[in-house]
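# Fold and contact review
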Amino acid sequence: MSLVARRVRWSSGRLATATALGAWAALFWTLLLTGRTYLYLSSRTAWLVPVGAVIFSAGALGRLLTARSAGDEPLDRRSAWMLGAITLPVVLVLALPPATLGTYSVSKRSTFGGSAIGATARDVTGPLDFVDVGAAQSFPSAMRQLEGRAGESITLDGFVTKEASEPNEILLTRYIVTCCVADATVAQVRIVGLEPSQYADDEWVSVTGLVYPFQRDVFVQAEPDSVTQIPVPDQPYLTP
Amino acid sequence: MATRTQAHEQVPAPAAEPRDLTWVWVLGALVAVALAARVAHPNQVAWLRNLLIVFGSLLIEAMPFVAVGALASALIEVFVPASTFAKMASLPRAVQLPAAAMAGLAFPVCECGSVPVARRLARKGLSPAAAVTFMLAAPIVNPVVIASTFVAYRGRDSLWVMVGGRFVIGMLVAICVGWVIGARRPGELLRGAAVGDEPDDHDEPRASRFFSHLTGDLVFMARFLIVGALIAATIQTFVPSSIVDRVAGLPVLSLLAMMTLAFLLSLCSESDAFVAASFTSFGPSAQLAFLVFGPMVDLKLGALYMGTYSKGFLRTVVVVVTAVTLVATLWIQVVWG
């Protein structure tokens with residue numbers, strides 16, 4: 001058996017860890033620089049993205065700078081697959097085209113949408129918007145305020161959702177997110193005066209009409225020429 | 001000698017081993033996934049799009065908190081002497097546990113961040129009971145969570161019941177779990193891998209040790225978080241949350257239903273009050289059950305606990321947290337409805 005001096009050399013395990021953390025840092029920087037943060041988080045929690053970017057960058061860089069080790073730290077098979085699994089969500093988020101929750105999710109989140117939505121108690125006294133509609137559907141006091149404004153003009157941006165049971169109207173839907181998309185709740189208004197067959201599910205439109213609250217529903221009487229197709233907004237989810 | 005060496009340490013020369021090329025397969029698999037995601041357009045399948053968006057959002061929100069927790073954990077490991085925790089561990093449990101719960105006031109991160117810190121505290125010599133008490137209390141009693149609960153319930157009659165009730169019941173539940181864990185030692189509480197997964201690195205420079213612990217904790221927690229987030233996203237995709245509406249008016253079932261929902265949704269404690277506040281068909285007691293139970297037991301935490309703690313820990317936490325939360329919120333229900 002020969003004896004050799006212990007060498008300080010690059011550790012493949014540390015290099016691989018630095019790469020995995022670097023991938024997460026790249027994800028957070030990409031979200032930050034492209035504005036895609038709001039596809040996942042609300043404006044309330046958007047600050048998490050720069051925090052993640054900085055800490056993961058520091059972790060990756062620090063690991064890279066300290067990746068030379070005197071001990072033998074090979075990247076074994078199990079660790080390699082585990083680091084791959086940790087990197088997989090990054091690959092998915094970066095590789096997939098930007099997307100938002102659509103009609104499919106409405107039915108899964110109907111608890112909030114059916115009788116209450118994720119809006120906090122608020123006064124419905126300013127210019128009307130979707131969060132006001134949600135607040136009115138959640139809180140009797142807000143609904144009373146909205147009822148007092150029946151007949152006022154309102155402009156709402158949202159995506160089309162159709163119900164088989166209501167062939168003469170479309171639902172205009174918007175998700176309200178307080179933290180991340182996992183807590184998305186639904187705000188919906190019923191649009192009357194339009195021909196539903198001319199609109200497809202998940203199509204984003206801007207509708208101007210007159211608002212009429214009735215019981216727990218909010219109706220908007222619209223004219224066909226008051227509806228315009230719009231692209232998916234930069235911030236597709238609203239924050240109360 | 002041309003190569004750099006450390007000291008003059010002599011070790012036996014290792015026998016040459018074939019190079020493990022698993023990393024090439026891993027890299028290939030990741031590239032294949034990226035290509036498939038671009039070519040197959042999985043977003044066109046509604047349920048898959050929903051699942052991927054919710055999965056991604058849970059991780060993008062939780063990972064920075066885990067990173068903050070890992071950062072705190074590495075700082076504790078490298079810069080705080082073990083003797084500090086040994087002194088604390090010698091205090092009577094009746095003092096240690098409330099003090100550990102109150103320490104959460106100074107740690108404003110959500111539940112994902114408190115797990116690596118508690119794990120580190122237990123390894124450094126703090127009694128595991130106190131470490132777990134801190135872990136469970138911190139996500140509820142920290143100032144950010146108190147403020148977010150206040151904002152969510154501002155303007156309602158139940159404001160102070162919700163803010164005060166969440167704080168007090170959260171502390172109570174955390175202390176009870178710590179009490180049940182009792183005098184277990186770190187080796188009994190932490191999983192084998194969690195106890196012995198780090199090399200003895202005291203010979204290394206402090207910076208190297210710091211990054212070893214930071215990245216080690218990040219990688220350790222991330223894998224369990226990913227599993228938990230995937231399960232939570234799958235359930236959110238296929239199970240309509242309207243199933244809990246039917247029991248809104250029933251005394252005990254409404255509490256259990258909201259606790260179950262908190263478990264399934266796996267929300268962050270810093271914003272869950274806004275979601276709880278939207279359940280206007282449920283009374284304050286059921287909403288409190290949601291706000292106390294969720295930050296202590298949910299799907300993503302379940303995965304983290306199973307990876308970090310020994311077999312049986314998750315069961316202990318679920319049983320004690322459920323029982324104490326139920327009793328406490330039942331009392332609120334009797335008083336407040």
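All values reported here derive from a predicted model rather than from experimental measurement.

### Some details on the overall build of chain A
- Along the backbone of chain A there are 7 helices and 8 strands.
- A globule of 240 residues ought to have a C-alpha radius of gyration of about 18 Å, yet chain A, at 25 Å, is considerably larger.
- When its C-alpha atoms are laid out on the principal axes, chain A stretches across 90 × 35 × 30 Å.
- The buried share among the 240 residues of chain A stands at 56%.
- For chain A, the share of sequence-separated contacts (at least 6 apart) that also reach a separation of at least 24 residues comes to 70%.
- Per element, the accessible surface of chain A, about 10100 Å² overall, is 57% carbon and sulfur.

### Considerations on the sheet that holds strand S4 (residues 153-161) of chain A
Residues and elements named next belong to chain A.
- Judged by pairing direction, the barrel is mixed, and its 5 strands sit side by side in the order S4-S5-S6-S8-S7 before closing back on the first. Neighbouring strand axes in the sheet, compared pairwise and without regard to direction, differ in orientation by 55° on average.
- In this structure, strand S7 (residues 204-214) lies alongside strand S8 (residues 217-229), joined through 9 bridges in antiparallel fashion. When the bridges of S8 are listed, Val207 appears paired with Val227.
- Contacts between helix H6 (residues 130-138) and the sheet are confined to S4, strand S5 (169-176), strand S6 (185-192) and S8, with S6 contributing the most and set at about 100° to the helix.

### Notes on helix H2 (residues 48-65) of chain A
- Given a rise of 1.5 Å per residue, 18 residues ought to cover 26 Å, and the 25 Å separating the end C-alpha atoms of H2 of chain A matches this to within 8%.
- Those residues of H2 of chain A that fall on the buried side of the exposure criterion are Leu48, Val49, Gly52, Ala53, Ile55, Phe56, Gly59, Ala60, Gly62 and Arg63 of chain A.
- In the core, the buried residues of H2 of chain A are packed alongside helix H1 (12-34) of chain A together with helix H2 (46-79) and helix H11 (206-238) of chain B.

### Here we look at the packing of helix H5 (residues 111-124) of chain B against H11 of chain B
Residue and element names in this part refer to chain B.
- Between H5 and H11, whose axes approach to 11 Å, the crossing angle comes to 125°. Here H11 runs oblique to H5, going by the angle between their axes. Considering the relative orientation of H5 and H11, their crossing is right-handed. Contact residues: Cys112, Val115, Pro116, Arg119 and Arg120 in H5; His213, Asp217, Phe220, Met221 and Leu225 in H11.
- In terms of residue class, the contact of H5 with H11 is built from 6 nonpolar, 1 polar and 3 charged.

### Here we look at the side chain of Arg63 of chain A
- Here Arg63 of chain A is to be found in helix H2.
- Beyond its immediate chain neighbours, meaning those up to four positions away, Arg63 of chain A contacts Arg14, Thr17 and Ala18 of chain A together with Ser208, Phe211, Ser212 and Thr215 of chain B.

### A short note on the interface of chain A and chain B
- Contact with chain A, which involves 84 residues of that partner, is made by 79 residues of chain B.
- Approximately 6700 Å² of surface area, both sides summed, lies buried where chain A meets chain B, with 70% of it carried by carbon and sulfur atoms.
- Our count for the contact surface shared by chain A and chain B stands at 1 salt bridge.
- Ionic pairing is found between Arg49 of chain B and Asp202 of chain A, a salt bridge with its closest N-O pair at 3.6 Å.
- Counting across the chain A and chain B interface gives 9 residue pairs in polar contact (both at pLDDT 80 or more).
- Elements supplying a minimum of two residues to the side of chain A that touches chain B: strand S1 (3-7), H1, H2, helix H3 (77-95), helix H4 (103-108) and helix H5 (110-115) of chain A.
- Ranked by residue count, the leading element in the side of chain A that touches chain B is H3 of chain A, at 17 residues.

### Here's the deal with a nonpolar patch on the surface
All names here are of chain B.
- Side chains of Val45, Trp47, Phe238, Val239 and Ile243 sit close together on the surface and give an oily, nonpolar patch of about 410 Å² of accessible area.
- Along the chain, the position of Val239 falls in the loop between H11 and helix H12 (251-265).
- On the accessibility criterion, Val239 (33% relative accessible area) is partly exposed.

### Regarding the pairing of S6 of chain A
Residue and element names in this part refer to chain A.
- With respect to burial, S6 is a largely interior element, 8 of its 8 residues being buried.
- Both faces of S6 are covered, namely the face carrying Thr185, Ala187, Val189 and Ile191 and the face carrying Val186, Gln188, Arg190 and Val192.
- Sheet analysis places S5 next to S6, joined by 8 bridges and oriented antiparallel. Following the sheet pairing, Ile170 is matched in S6 by Ile191.
- Bridging between S6 and S8 involves 3 bridges; their strand directions are parallel. Within the sheet, the bridge partner assigned to Val192 lies in S8 and is Gln221.

About the thresholds
The residue numbering used here restarts from 1 in each chain and proceeds along that chain's sequence as written. By the order in which they are written, chains take letters starting at A while ligands take numbers starting at 1. Whole-chain, interface and lining totals are the exception, using all residues; otherwise, since this is a predicted model, local features are given only for residues with pLDDT of at least 70 and side-chain atom pairs are given and counted only at 80 or more. Side-chain numbers here rest on the full set of heavy atoms in the structure, without hydrogens or water. Strands here mean DSSP runs of E at least two residues long; helices mean DSSP runs of H or I at least four residues long; both are numbered from the N terminus. With C-alpha atoms as the basis for the radius of gyration, the globule rule is written as 2.2 Å multiplied by the number of residues raised to the power 0.38. Think of it in three bands: residues with accessible area under 20% of the maximum for their type are buried, residues over 50% are exposed, and the middle band is partly exposed, with areas taken using a 1.4 Å probe on protein chains only. Here a residue-residue contact requires only that any non-hydrogen atoms of the pair lie within 4.5 Å. Note that accessible areas follow from Shrake-Rupley with a 1.4 Å probe, and for residues the cover is restricted to the protein chains shown. Pairing between strands is defined by DSSP: at least two bridges between them are needed. Axis lines are fitted through C-alpha atoms, for helices just across the contact stretch, and the angle between N-to-C directions can take any value from 0 to 180 degrees. What a helix is expected to span follows from its residue count: subtract one and scale by 1.5 Å. Oblique is the label for any angle not covered by the other classes, which are roughly parallel (under 35 degrees), roughly antiparallel (over 145) and roughly perpendicular (65 to 115). Crossing chirality is assigned from the near helix's rotation relative to the far helix, an anticlockwise turn below a right angle marking it left-handed and a clockwise turn marking it right-handed. Note on residue categories: nonpolar means Ala, Val, Leu, Ile, Met, Phe, Trp, Tyr, Cys or Pro, charged means Asp, Glu, Lys or Arg, and polar means any other residue, Gly included. Throughout, buried area stands for the accessible area (probe radius 1.4 Å) lost by two parts on being put together, summed over both. The term salt bridge refers to a pairing of a side-chain nitrogen on Lys or Arg with a carboxyl oxygen on Asp or Glu at a separation within 4 Å. Think of a polar contact as two N or O atoms within 3.5 Å of one another; within protein, one of them needs to be a possible hydrogen donor and the other a possible acceptor, and neighboring residues in sequence only count if both atoms come from side chains. Patch building starts from residues that exceed 30% relative accessible area and form no salt bridge, then joins like charges within 9 Å and nonpolar side chains (Val, Leu, Ile, Met, Phe, Trp, Tyr) within 5 Å.

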